[in-house]
Amino acid sequence: MTVDNPRFDAVFAGLTILDIAGRPVSSIPDGGGIAFVEEIRMNPAGTASGALMNAAKLGISCATSACLGRDEKGDFIENRYRAMGIDCSLLQRTGAMATSATILPIRPNGERPALHCRGASDEWWLDESEFDALCDTRFLHHGGTGFLAKMDRGQSAKLLAHAKARGLTVTLDLIGPNDETLGQLKDLMPHVDYFMPSMEEALFIAGTADPSDAAARFRDLGATACIFKWGEKGSFISTADGDWRLPAFKVNVSDTTGCGDAYCGGFIAGLSMGYDLEEACRLGTAVSGLVATGLGSDAGVVDLESTLEFIRTASILDDDNG
Ligand SMILES: Nc1ncnc2c1ncn2[C@@H]1O[C@H](COP(=O)(O)OP(=O)(O)OP(=O)(O)O)[C@@H](O)[C@H]1O
Ligand SMILES: [Mg+2]
């Protein structure tokens, strides 16, 4: 069943974090010492939020379902969303936990070790009676399986089943996989159109070193297609028609935090604008490359027009030619 005239192009649901990042950080000063950095930024982030903000910048109509604390971090995120024109009517605020947050001391080469404090995202909960309000959209991105304590225990699978039955296109990304992740994915994959973890995560979960084997495993579990984000190698795409790699764009890397989340946002925005799979992956690749040029998951991307101009003018980062 497909719903006519849904309210949103895309709803981004799940892990939402306040990131506080500083760069460059080579080491933590000894004792109570002080060191100087060039830049510190604070921005909404996380598997749902990093995709959401970049999709919104590209101009599609977006809403989010997530849980924030009733604290200054939650206020900051909600205010930022409202300023970006993101619909916040499905946002939850809890007094039980503080907003999930991360401190990121970004290394000079752009790598990002993370100090994460779990919080309100673990309280995110949707009752079956709330599923329809969330599914008033063409695309549903569920991000953050692994860091969503309440929903991870079976309720997310029910939500995705509901979304699929209503005819939505469902995308899924996760975080911090462990030995339990494959078990969770068995319930989720039958309702997923595009499974979008990083390559590192995909290989770990599938227990193989071969991308095609990993993708086949997830497609056997029910995912229609897999897109593995592969850092500077770009992304690996696996559908019933075959497997291929789309290279990344060459950029001056400042901070790669949230590049994978940004890829999902660009990809979904592309699909929702009617792009085919390859064009949508290219838009995701461009958005993620631009995000790598600045500090924070929402850096680098301005709007659709400038992102398309970047696609026209940027060089390809390929093993073969450069
Ligand atoms: N060094 C780089 N140069 C160009 N593009 C990059 C680089 N690193 C990452 N990207 C782009 O970002 C995308 C996602 O990167 P990555 O594989 O690191 O995702 P991830 O591990 O899921 O990230 P996160 O979970 O922090 O959002 C890649 O598919 C690529 O398009
Ligand atoms: Mg990721």
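Residues numbered from 1 in each chain as written. Chains lettered and ligands numbered in written order. Predicted model: local features only at pLDDT ≥ 70, side-chain atom pairs only at ≥ 80, totals over all residues.

(A) Fine view of the overall build of the protein. Looking only at helices and strands, the protein features 10 helices and 16 strands. Scaling as 2.2 N^0.38, a compact globule of 322 residues should have a C-alpha radius of gyration of about 20 Å, and the protein matches this with 19 Å. Residues classed as buried in the protein amount to 49% of the 322 residues present. In the protein, of all internal contacts separated by at least 6 residues, the share reaching a separation of at least 24 is 73%. (Helix = DSSP H or I, 4+ residues; strand = E, 2+ residues; numbered from the N terminus. Rg over C-alpha atoms; globule rule 2.2 N^0.38 Å. Buried ≥ 20, exposed ≤ 12 C-beta atoms within 10 Å, placed from the backbone. Contact = placed C-beta atoms within 7 Å.)

(B) Examining the sheet that holds strand β2 (residues 17–23) more closely. Within the open sheet, the four strands sit side by side as β3-β2-β7-β8. Their pairing is mixed. Either end of the sheet is taken by a strand with one partner, and the two such strands are β3 (39–45) and β8 (115–117). In this sheet, adjacent strand axes meet at a mean angle of 15° when their direction is disregarded. Of the strand pairs in this sheet, strand β7 (residues 101–105) and β8 are connected by three bridges, and their pairing is antiparallel. If you follow Ile-103 over to β8, its bridge partner there is Leu-115. Across the sheet, helix α2 (residues 72–83) is in contact with β2, β3 and β7; its angle to β3 comes to roughly 75°. (Pairing = 2+ DSSP bridges. Axes fitted to C-alpha atoms, helices over the stretch in contact; angles between N-to-C directions.)

(C) Inspection of the nonpolar core at higher detail. Residues Ala-55 and Cys-62 are the most contacted members of the largest nonpolar core, which totals 85 residues. When residues no more than four places from it in sequence are discounted, the contact partners of Ala-55 are Ala-10, Ile-60, Cys-62, Gly-265, Ile-268 and Ala-269. (Core = buried A, V, L, I, M, F, W, Y, C linked by C-beta atoms within 7 Å.)

(D) Fine view of the sheet that holds strand β11 (residues 194–195). Taken together, eight strands build an open sheet; the order of strands is β4-β1-β9-β10-β11-β12-β13-β14 and the sheet is mixed. Single-partner strands in this sheet number two, and they are β4 (62–65) and β14 (242–246). Bridge analysis of strand β10 (residues 169–174) against β11 gives two bridges, and the strand direction is parallel. Across the sheet, Leu-172 pairs through a bridge with Phe-195, a residue of β11. Sheet strands touched by helix α8 (residues 259–272): β1 (8–14), β9 (137–145), β10, β12 (225–229) and β13 (235–239). Its angle to β9, the strand with the most contacts, is close to 170°.

(E) Representation of the site of ligand 1. Taken together, 24 residues lie around ligand 1, and Ser-198, Ala-248, Cys-259, Gly-260 and Ser-288 are the ones closest in. Sorting the residues of the shell around ligand 1 by element identifies β15 (248–249), α8 and α9 (277–292) as the ones contributing at least two each. Residues belonging to the shell around ligand 1 are distributed by class as follows: nine nonpolar, 12 polar and three charged. (Near = placed C-beta within 6 Å. Nonpolar A, V, L, I, M, F, W, Y, C, P; charged D, E, K, R; others polar.)

(F) Spatial organisation of the pairing of β4. Alternating residues of β4 divide into Cys-62 and Thr-64 and Ala-63 and Ser-65, and every residue in both groups is buried. The sheet contact formed by β1 and β4 spans four bridges and is parallel. Bridge pairing in β4 places Ala-13 opposite Ser-65.

(G) Representation of the packing of α9 against helix α10 (residues 304–313). Across the interface, α9 lies against α10 with an axial gap of 10 Å and an inter-helix angle of 95°. Taken together, the axes of α9 and α10 lie roughly perpendicular to each other. Taking contact as the criterion, the partners of Arg-282, Leu-283, Ala-286, Val-287 and Leu-290 in α9 are, on α10, Thr-307, Phe-310 and Ile-311. In terms of residue class, the contact of α9 with α10 is built from six nonpolar, one polar and one charged. (Parallel < 35°, antiparallel > 145°, perpendicular 65-115°, else oblique.)

Remember, this is a structural readout, not a statement about activity or role.
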